[in-house]
Every structure is written in structure tokens, then in C-alpha cells.
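Coordinate analysis (summary)
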Amino acid sequence: MRLNTRMLALVGMLIYPALGANASENCEVRSGCSGAALCANPDDTSTAGAWSVGARTVKIQGLTVEVWYPAQDTASLAAGPKSYDMRLWLPAKEQSKVPATKVPPQVCDCFADLPLDTEHGPYPVVLFAHGTGGFRTQTLSLMTHLASRGFVVLAADHPGLYLADLLQFKFGAKVSTDLQSILKALRNEAPEVSFLKGKVALNHIGLIGHSAGGNAVSSLSGLADVEFVVPMAAGGTSNGPDLKGSMILGALNDKVVAYSRQQSAFNASPSPKRLIGLGNAGHLAFSDLCALKNEDGEDMVAVAQKYKIANAGFATGLWDGCSAGQLSPALAATIVNYTVAAGAEEVLQCADRSASFKNLKSRYKEVTEFKETLQ
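Figured I'd write up the structure that's included with this text. (Residues numbered from 1 in each chain as written. Predicted model: local features only at pLDDT ≥ 70, side-chain atom pairs only at ≥ 80, totals over all residues. Heavy atoms only, no water.)

Quick look at helix 2 (residues 140-148)
Among the nine residues in helix 2, eight count as buried, and that is most of the element. Turning to helix 2, its buried residues are Leu140, Leu142, Met143, Thr144, His145, Leu146, Ala147 and Ser148. Looking one or two residues beyond helix 2, the residue adopting positive phi is Gly150, at roughly 100°. (Buried < 20%, exposed > 50% of the residue type's maximum accessible area, 1.4 Å probe, protein only. Helix = DSSP H or I, 4+ residues; strand = E, 2+ residues; numbered from the N terminus.)

Quick word on the environment of Glu345
Assignment of secondary structure puts Glu345 in helix 9 (residues 329-348). Using a relative accessible area of 0% as the deciding quantity, one classes Glu345 as buried. Separated by 221 residues in the primary sequence, Glu345 and Pro124 have C-alpha atoms spaced 9.3 Å apart. Those residues in contact with Glu345, other than ones at most four positions away along the chain, are Asn41, Thr45, Arg149, Phe151, Cys350, Ala351 and Arg353. (Contact = heavy atoms within 4.5 Å.)

Notes on the state of the cysteines
Counted by the stated rule, this structure contains four disulfides. Disulfide pairing is shown between Cys27 and Cys39; the S-S distance is 2.2 Å. Linking Cys27 and Cys39, the disulfide has an S-S dihedral of approximately -75° and is accordingly described as left-handed. Of this pair, Cys27 sits in the loop between helix 1 (5-15) and strand 1 (29-31) while Cys39 sits in strand 2 (residues 37-39); the two residues are 12 residues apart in sequence, bridging distant segments of the chain. (Disulfide = S-S within 2.5 Å.)

Concerning the pairing of strand 8 (residues 123-129)
For strand 8, the tally of buried residues reaches seven of seven residues, placing the bulk of the element in the interior. For strand 8 and strand 10 (residues 200-210), the ladder comprises seven bridges, and the chain directions are parallel. Paired with Phe128 across the strands is Ile208, a residue of strand 10. With four bridges connecting them, strand 8 and strand 9 (residues 152-156) associate as parallel partners. (Pairing = 2+ DSSP bridges.)

Right, here's the structure in full:
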């Protein structure tokens, strides 16, 4: 049964009751990097953090950007969690082909336009770049997970790379330039992101990217203030003046970007670094795309083919890792949340997360390979 707006509101109140208590107001404050005042998060980095998560959609230099952030006020939780309509990432002329009741719903563990928690911070910044045929919410569970644990997270629809452009054969993405435009807007306190003014730690920046987006973030390892880089199903990193850590994630059964590429990238990347390989997993294990299904159990590809979205077959070649019997989307998301949050908090929040990595393989047998070189 598909959720309507009223039901979403009820679900928001039932699923997220702890958020209604506004935990960030009564949190145990600890000191982060550069003396930031942060709430102490649970040591289990797979669990949500101390904050409710706010979300805003903004425009930055022509880019549509989603911002997820630690929120202070939870009064509007009764309105229900924010949701995203998957049709918005189809070409405009194709969107009406799919009935609203047949759209795979994407409900966010976040709430639209909550005010930023200004009692704490400043918060480290994480930028995410999607892959070919993706979009800004393709890895939504990780974005909100990080925001709940004290990060300001931004992700854009990258022209020439995101789904609508792929289906129209519009190429020529400039993802690295897009990411730098977002950072420039933050540094200049542009009106679009003025609600973050004074509460983003732009000397503590993390970059995360999937596939083509992973290649883009790798190329920006050398930017000033970039301390943590996470290429997923992509390549490695290069030296940077402020780089303090990288985490290379790959899937052993990836048919789009072979896992051997991540192994080679790890060997060539500067220390400190970690390599995490997921067994029985494919290219999309680092996104939420496999989990998005409508009331009939149809995923995005099945829906696109059923309603004859133009050139949908072109995107199916990237649909790797969603087969029955492979690593479940829910477990994949849990492992990604656990590992990326641990690494990001270690580097960007100066938290001790050594135990998270010490226990990684014993906790998740699906992590087939784990290597780290910390010196």
C-alpha cells in the first residue's frame, strides 16, 4: 500500500519518536576538531546520531543541490518526513508517463526546512557526487545518517551525468567544477546557503563519490582543507596538503567497475588509507537504488521499461548489484553507514573510532576484504 501525505505524517511520528524529543538540545557535549562543540554520538556508528535531520533544496550556480544538516527544532515533525518523487529525475517530457501510484517512493529520514541546530558546531562539511545515471538522493540513507551524526552534507544533480541527461544523451559533465562551485558558495556565504552561516567548518571537508562521482572526488584530493576522501566503486586518491585519510570501497562482483581497480587504487593511494571490499555485491551496493520499489515490487528500471521511458534500456547496463541472492540493500546500507561514519568521525570530528574498524570483519562477514595502512 502506497503512503499518502497524511499517512506519511503518521509514519514520521511512529518511526521517529526519539527525534521528537529533540535530543540535540540535551546532548552530552564533546569537543570535536578545532574545538567544535558536538553532541556525543553512539559508539555504534551504524546507528543514527544525536540530531534530527533537516533538509533543504537550494540552487547554487545553476545546480540543484540538496542540503541535509543537524537540526535544532523538531516542532514540525508532525508534518511527516520529506519524500522525493523519482519522476523528477526523468526528462520533463517523460515524467507524466508514470502514474503517481506506480512511482517507487523514496521517503527520507529527514524533515523539510527544520532550522539548523545553532547551539552546537561548527559542523564538518561533506560533499557527495553521484555516478552516471544517478541523482542527488541516490545514496540518501548515507546522507541522512551522516547529518544525524553532526555533518552538513550536500549533494547536487550533476548536469551531463544525472539520470535525465543520460536518458537524453546529454553528456559533458564537469563534476569536479560543480563540487568546487558548491564549496565556493559555502565559503562566500551565498544567500542560498545563508542558513548555514558561521556553522560550517570549512577547514574540515570530506568528499564522497560513487562511480564517476568517485573519480571526481579522487581528483580533488589535493584541494585545501579536504581531509577525508571516499571513492566508492571508483578509483583511489592522490596526495593533498591537508588529506588525513581515505577510504576506498568496492564490490567484489562489480560488473561496471572491476574490484581489481579498487585494489590497485588502494596500493597507489597515500597513507593513511583503508580498503573495504563487499562480497556478493555489485556496482549499486553503495547506493539506495536497489531498494527503491513501488507497491507492485517493481524497481526503477522495471517501471521505466513498463511505461516506455525513452532510452531506458541505455540505463539498464548500469543496473548491477540488484539481483536476488546478492547482498541485500538494507545490509549494504548498514555496512556503508557504519564504515563511512566511522572514518568521517575519526578524521573530521577527531573522534576515536579505532574500535569500529577493529571489529569490522567480525561484525560483518560480508566484508570480504579489509586493509588499512595508517602510517
